[in-house]
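The residues making up each chain are set out below.
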Amino acid sequence: MIKRLILILTVIIMVLSAGFCGIHLVREYTKIYKITHIGDMWSFIKLNTITCYAPFHEIDLNDFPHPPYPERGDLLVAIENRPATEENYFNTFSTDTPAGEAIEIMFMHDNVMYTTEIVTRTIPGPLKFQIWLMFVLLSLIVTGLIFTGVWGFTRKSTSSAVRTLTLFCFTLAVGMALTSEIIARPYAAFQLPVWLVTGFTVLGISSASFWLKLHLLFPKRNTLYDRFRILFNIAIFLPVLVLGSLLVINARSLPILPITIYHTLFLAAGFTLLIRNFRRADSFIEKRQTRLVLLGSFTGITLYILFSWFKFLSSGMKIQLPIQTSMLIYNITFLFLLPIPVSFIYAFRKYKLLAVEGKVKRSTRFLSVNLILLIVFFGLLYLFGEFVLKAVSINSQTPTLVLGLLLAVAFMPTQRRLRTKVEDYFYPERSRLRNLLKDFLASSMVRTDEGSFWRNLQEKLAEGLSAEKIYPVLRIIEDGGFVAENDEPAPFSLSDKLIERLMSRENSILLDEAVESGKISLTEEQKEWFLKRKCAVILPLTVKSGLVGFLVISCKTNGEDFTSEELELLGSFSAQIALVAENIQLLRERIEKQKLEEQMRMAKDIQKGFLPENIPYVKGLEIEALIRFCLDVAGDYYDIMTLSDGRVILAVGDVAGKGVGAALLMANLQASLRTTREMGASLAESAERINTLVYDNTPSELFITFFMASIDAANDRISYVNAGHNPPLLVRGDGRVERLSQGGLLFGVVRNAEYVEGITDFKIGDTLLMYTDGVSEAMNADEEEFGEDRIIAIISENTAVNPEELLQKIESKVEEFHGSSRYSDDFTLLAVRRTDK
């Protein structure tokens, strides 16, 4: 029940605070809009609601067209013959007051009254810029704090640490909105009730208490707080109740000192706890969380407190800063407060902690260096104009403008050099690591040995980072897998969340953060693989074409955590490391390809040796063969064997597939055929034995289509067996075409298959054409096959030509139809013509 009430109260505070901040920002906008669109005087005075005396605390002589001129500290007594009260001032300088209107005023100098006039002007450019900048920065801070509070609450509202963060963000947003009023209230288009502003002022004051409590709960609960929780909460929030009560009683007139002391003590106590939590953190993640919050908030909050003390002390000593100086201090403070919401979001997400820490450090260095340079440059201009020029009696502003131009030209080079000096001074290890990697990569651009490259990189990282070891994991383009050292398969694939993050060109990933925050999920095998290698950092290696692989960097040998500077430097060099790694990999693949090509050439030469070197002369027959390989080696096969009795054996085969595997199977097929023929087996017996041999010794996905024929010219007869091959075409002398299809199944499909032997006449003038499917299935651009009908048409039109001319004509027609001499399949033709010689 209590937890439910706390949640409801938190939601109510969130809604009311967000609404109040929105209304307040709208009110501030109406002030700025009015003050930037009216004619006014830009010599600033301190108005009083009771007396008619308003002291000048800043004089702009451009307001006065002629003497007498008031000086700082003089009293404005009357405006247009009316007392210089706050009401009369804003009635005079209203939204209807145009620029260029002359207004008479009366002021007192050394107890003497003077009358002069001012001419209203639009707001000066530098002041206008400062006002708008202040509003934009304030809006960003308030919006960022509210967003952070809502994000935390919606993420885990049951967590006391998250609820405290939410309340801190909302109360700080209210406090920032209320304490940054620099434009007078009468400029607003509407006013807020005093009771409403008073109530939210109390809420804004309480941000320091929530800040202190937050660091008793973050990144883990303080054990002492758990033991005495009630006492701690009373001690933390009692000052807020006291100050709030005094504020209500005194109707917003509470002195600034008690609030400043309270804020200083509680904010300092919070930082003390934060530093203590950092030093006593149990893990690297907790150290990064606390360090990020410390870096993101310390400078801004410290400036905020120092400025509060300065305002208190200056009011006691009657010191009044120029309005533009006050606004500049506000804007600088706001700039350093901007990282607070971001640092808390990432600290509670537990992800990219070092990356955000690096950005906070860079932005802080950038702002600090630029502020120092601006102060120095404007100081030089002031000294030059006030002392040097006056000493030599020069009234012209030209020398000052020239010096300003020279300083502006020198600003950026000086800024870059100064930032480099600062980085080298505070982070010397970064410069050392950068130089090590630069020298290494410069020498590695021509490196060809992959092993020595990774060994040398390991040595450099061990020297620069104290990393125990690195493990390169490279991508296998062909199957999307990955290999680690010694080409050992790594348990990763392109579908893994880790690989997807690496492929999105994300910078270095700290493994503990990625797992703890739930950004990636690992399988048990992957967890064991990383644990075995003591993985701390994963560095993606990407080039323009995509992910090459990644580096697994193990923990440091000194037991320390990696720094944001080290990760930034690794990220900046990862592309160069990836490029060298890719070049070495490509070179290795090229060497392997050359070796493979050499082996393929040797295989091609060997395969050619399997084919008949010369076509044998056989009385009564004209024989010709043609074979074209789509690769260096092929699965097509033909053979011509003469027997002692005058017969000749012709064979054509096509192994399923292409390349080396098919070629090896083809070689076995030839050996098997010759062996069975030497044993005197019939064609059918030879087919059965070869089928059994193929079935027993080849994978199930490999098979062979085969045709063999025994031609007996003396008896005008052909005996043949067709094992699932394209039926050869027997063209008779009178033009008739017969298909020789008797036989049986393809080789290698069924064990102990039976085959029958076909017999037909083969007389003078007949032609037998055998071919593989690379001929009939050659396609044109419309994916239409050449087909058997076109082959028959060519044969029928050329019955009188010899086999050599016939094969040339067929090849020419197929090439013309296909549109190229490069085929997608092996291409084999074997023709025999019966003659009378």
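Student: I'd like a description of the sheet that holds strand S19 (residues 737-739), backed by residues and values.
Tutor: In spatial order, the strands read S13-S23-S22-S18-S19; together these 5 strands make up an open sheet with antiparallel pairing. Sheet topology places strand S13 (621-628) and S19 at the edges, where each strand pairs with a single neighbour. In this sheet, neighbouring strand axes are inclined to one another by 15° on average, regardless of whether the strands run parallel or antiparallel. Those strands touched by helix H24 (residues 787-797) are strand S18 (729-731), S19 and strand S22 (767-771), and its axis lies near 25° from that of S18. Set on the sheet, helix H25 (residues 803-818) makes contact with S13, S22 and strand S23 (827-834); between it and S13 the angle comes to about 30°.

Student: Give me the lowdown on the nonpolar core, citing residues and values where you can.
Tutor: Side chains that are nonpolar tend, in soluble globular proteins, to be buried together. Ranked by internal contacts, the top residues of the largest apolar core, which has 98 residues, are Leu 76, Phe 334, Phe 344 and Phe 348. Each residue touching Phe 334, except ones within four places of it in the same chain, is listed here: Met 134, Leu 137, Leu 138, Ile 141, Met 176 and Ser 180.

Student: Can you lay out the layout of surface pockets for me, pointing to particular residues and giving the numbers?
Tutor: Over the atoms rolls a probe the size of a water molecule, and its path tells where empty space is left. As a volume, the second largest pocket reaches approximately 830 Å³. Residue lining of the second largest pocket: 25 residues in total, with Ile 6, Arg 163, Leu 167, Lys 213 and Asn 233 positioned closest to the centre. Of all the secondary-structure elements, those providing two or more residues to the lining of the second largest pocket are helix H1 (2-35), helix H4 (160-179), helix H6 (207-217) and helix H8 (229-249). Examining the composition of the lining of the second largest pocket, we find that 7 residues originate from one element, H1, more than from any other. Along the lines of polarity and charge, the residues of the lining of the second largest pocket split into 14 nonpolar, 6 polar and 5 charged.

Student: Residue-level account of the packing of helix H5 (residues 194-205) against H8, with values.
Tutor: Relative to each other, H5 and H8 sit at 155°, their axes nearing to 10 Å. By the angle between their directions, the pair H5 and H8 is classed as roughly antiparallel. Seen from above, H5 lies across H8 with right-handed handedness. In contact with Thr 198, Thr 201, Val 202 and Ile 205 of H5, H8 contributes Val 240, Leu 243, Gly 244, Leu 247 and Val 248.

Student: Provide a residue-level description of the packing of H8 against helix H9 (residues 256-279), including the pertinent values.
Tutor: With their axes 11 Å apart at the nearest point, H8 and H9 run at an angle of 165° to one another. Regarding the angle of H8 to H9, the classification is roughly antiparallel. When the axes of H8 and H9 are compared, the crossing they make is left-handed. Contacts from Ala 235, Ile 236, Pro 239, Val 240 and Leu 243 of H8 reach H9 at Pro 258, Ile 259, Tyr 262 and Phe 266. Classifying every residue of the contact of H8 with H9 by side-chain character gives 9 nonpolar, no polar and no charged.

What counts, and at which threshold
- Residues numbered from 1 in each chain as written.
- Predicted model: local features only at pLDDT ≥ 70, side-chain atom pairs only at ≥ 80, totals over all residues.
- Heavy atoms only, no water.
- Pairing = 2+ DSSP bridges.
- Helix = DSSP H or I, 4+ residues; strand = E, 2+ residues; numbered from the N terminus.
- Axes fitted to C-alpha atoms, helices over the stretch in contact; angles between N-to-C directions.
- Contact = heavy atoms within 4.5 Å.
- Core = buried A, V, L, I, M, F, W, Y, C linked by side-chain atoms within 4.5 Å.
- Buried < 20%, exposed > 50% of the residue type's maximum accessible area, 1.4 Å probe, protein only.
- 1 Å grid on protein atoms, 1.4 Å probe; cavity = no way out; pocket = protein on both sides within 12 Å on 5 of 7 lines; lining within 4 Å.
- Points joined across faces, edges and corners; volume = space filled by probe spheres on them.
- Nonpolar A, V, L, I, M, F, W, Y, C, P; charged D, E, K, R; others polar.
- Parallel < 35°, antiparallel > 145°, perpendicular 65-115°, else oblique.
- Left-handed = near helix turned anticlockwise from the far one by under 90°.

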